Amino acid sequence: AQSVAQPEDQVNVAEGNPLTVKCTYSVSGNPYLFWYVQYPNRGLQFLLKYITGDNLVKGSYGFEAEFNKSQTSFHLKKPSALVSDSALYFCAVRDDTDKLIFGTGTRLQVFP
Amino acid sequence: EAQVTQNPRYLITVTGKKLTVTCSQNMNHEYMSWYRQDPGLGLRQIYYSMNVEVTDKGDVPEGYKVSRKEKRNFPLILESPSPNQTSLYFCASSLSLNQPQHFGDGTRLSIL
């Protein structure tokens, strides 16, 4: 069965420092991976996805993610964090079925 | 403007009183889905639909019904709501499951 794990409930980082939000997955076939962001009182917004191709995927707002097949990971990264990046981040995965599974979310707090 | 519209945004009701949460999208998307978001559990899929008249159970379908009579609409029905269905609900749509999902702004349900 497919699953996705976000091991950190919260990540704290100072503004201007690089940030990483971790995600690991388990699928029976080829993975389709996504990152979404949720701001207060809003629905989720798409950031980036990996289907095939380059392991480094670039997305919205300066975010990128690195697909690592051997470690079954898809960590979200940004070289320089902004206070406005503070939000709830979700990793999601699907395999060859029709279901999309979301992680439990990681709250990113960027301090001035 | 491309959007997914959910109504109502907030609802407080009592156990056993049937309710319907509407969801409509204006992007001609094939795929639609309902999720519930609970603290510490992330988003869990309730039902999804690959196209008109095609619906399937997600991970937590008990106590819910859906229908897809038209491409743009995907209502969520709680025939006999119970307190454990108190949650934040999101509708989402996409061209296909490999494409980014567009989320509504959510419906906060409180069942007393």
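Residues numbered from 1 in each chain as written. Chains lettered and ligands numbered in written order. Predicted model: local features only at pLDDT ≥ 70, side-chain atom pairs only at ≥ 80, totals over all residues. Heavy atoms only, no water.

Trainee: Which parts of the structure should I look at to understand the interface of chain A and chain B?
Mentor: When the parts of a complex come together, some accessible area is lost, and that lost area is often used as the size of the interface. Contacts between the two partners involve 22 residues from chain A and, on the opposite side, 23 residues from chain B. In this assembly, chain A packs against chain B so that about 1800 Å² is buried in total across both faces, 52% of it on carbon and sulfur atoms. For Asp105 of chain B, the salt bridge is made with Arg42 of chain A, and the minimal N-O distance between the two is 3.1 Å. At the boundary of chain A with chain B, the tally comes to six residue pairs in polar contact (both at pLDDT 80 or more). Counting only elements with at least two residues in the side of chain A that touches chain B, the list comes to β5 (32–38), β6 (44–50), β10 (87–94) and β11 (101–102) of chain A. Here the element with the most residues in the side of chain A that touches chain B is β5 of chain A; it accounts for four residues. (Contact = heavy atoms within 4.5 Å. Buried area = accessible area lost by both parts, 1.4 Å probe. Salt bridge = Lys/Arg side-chain N within 4 Å of Asp/Glu carboxyl O. Polar contact = N/O pair within 3.5 Å; in protein donor to acceptor, adjacent residues only side chain to side chain. Helix = DSSP H or I, 4+ residues; strand = E, 2+ residues; numbered from the N terminus.)

Trainee: In this structure, what is going on with the sheet that holds strand β7 (residues 65–66) of chain B? I would like to understand it.
Mentor: The strands that make up a sheet pair up through hydrogen bonds in the backbone, lying either parallel or antiparallel. Residue and element names in this part refer to chain B. Pairing within the open sheet is antiparallel, and its four strands lie in the order β1-β3-β8-β7. Each edge of the sheet is formed by a strand with only one pairing partner; in this case those strands are β1 (4–7) and β7. Bridging between β7 and strand β8 (residues 76–78) involves two bridges; their strand directions are antiparallel. Pairing of Val66 across the sheet is with Leu76, part of β8. (Pairing = 2+ DSSP bridges.)

Trainee: Looking at this structure, I do not really get the environment of Gly103 of chain A. What am I missing?
Mentor: Within the fold, Gly103 of chain A resides in the loop between β11 and β12 (106–111). Distance in space between the C-alpha atoms of Gly103 of chain A and Gln38 of chain A is 13 Å, their sequence separation being 65 residues. When residues no more than four places from it in sequence are discounted, the contact partners of Gly103 of chain A are Val4, Gln6, Phe90 and Cys91 of chain A together with Gly42 and Leu43 of chain B.

Trainee: Would you mind going over the packing of aromatic side chains with me for this structure?
Mentor: Both the distance between ring centres and the angle between the ring planes are used here to describe each pair of aromatic rings. All names here are of chain B. Taken as a whole and assessed by the stated rule, the structure comprises 14 aromatic pairs over all chains. A centroid spacing of 5.8 Å and a plane angle of 35° characterise the contact between Tyr35 and Phe103, whose relative ring orientation is tilted. Placement of the pair is Tyr35 in strand β4 (residues 31–38) and Phe103 in strand β10 (residues 102–103), with a sequence separation of 68 residues. For the pair formed by Tyr35 and Phe103, the shared burial category is buried. (Phe/Tyr/Trp six-rings, centres within 6.5 Å; stacked < 30°, edge-to-face > 60°. Buried < 20%, exposed > 50% of the residue type's maximum accessible area, 1.4 Å probe, protein only.)

Trainee: Looking at this model, I keep getting lost on the pairing of strand β5 (residues 42–51) of chain B. Mind explaining?
Mentor: Across a regular strand the side chains alternate sides, sitting on one face of the sheet and then on the other. Residue and element names in this part refer to chain B. Where burial is concerned, most of β5 is hidden: seven out of the 10 residues are buried. Judged from the seven bridges that link them, β4 and β5 form a sheet pairing that is antiparallel. In the strand pairing of β5, Met32 is matched with Ser49. Between β4 and β5, which pair antiparallel one after the other, the connecting turn spans three residues, and Gly40 there sits at a positive phi close to 80°.

Trainee: Please explain the state of the cysteines as it appears in this structure.
Mentor: Residues and elements named next belong to chain B. On inspection of all chains with the given rule, the structure shows two disulfides over all chains. Paired by a disulfide, Cys23 and Cys91 hold their sulfur atoms 1.9 Å apart. Residues Cys23 and Cys91 share a disulfide whose torsion about the S-S bond is about -75°; that sign makes it left-handed. Pair noted here: Cys23 is in strand β3 (residues 19–25) and Cys91 is in strand β9 (residues 87–94), with a separation of 68 residues, a long-range link. Judged on exposure class, the residue Cys23 and its partner Cys91 are both buried. (Disulfide = S-S within 2.5 Å.)

Trainee: Help me out: how do you make sense of the side chain of Arg36 of chain B in this one?
Mentor: Residues and elements named next belong to chain B. Mapping Arg36 onto the fold places it in strand β4. On the basis of relative accessibility, which here comes to 9%, the residue Arg36 falls in the buried class. Within polar-contact distance, the side chain of Arg36 engages the side chain of Tyr64 at 3.0 Å. Within the structure, the side chain of Arg36 is placed 3.0 Å from the backbone oxygen of Asn84, a separation counted as a polar contact. Residues in contact with Arg36, not counting those within four places in the same chain, are Gly42, Leu43, Arg44, Ile46, Val60, Tyr64, Asn84, Gln85, Thr86, Ser87, Leu88 and Tyr89.

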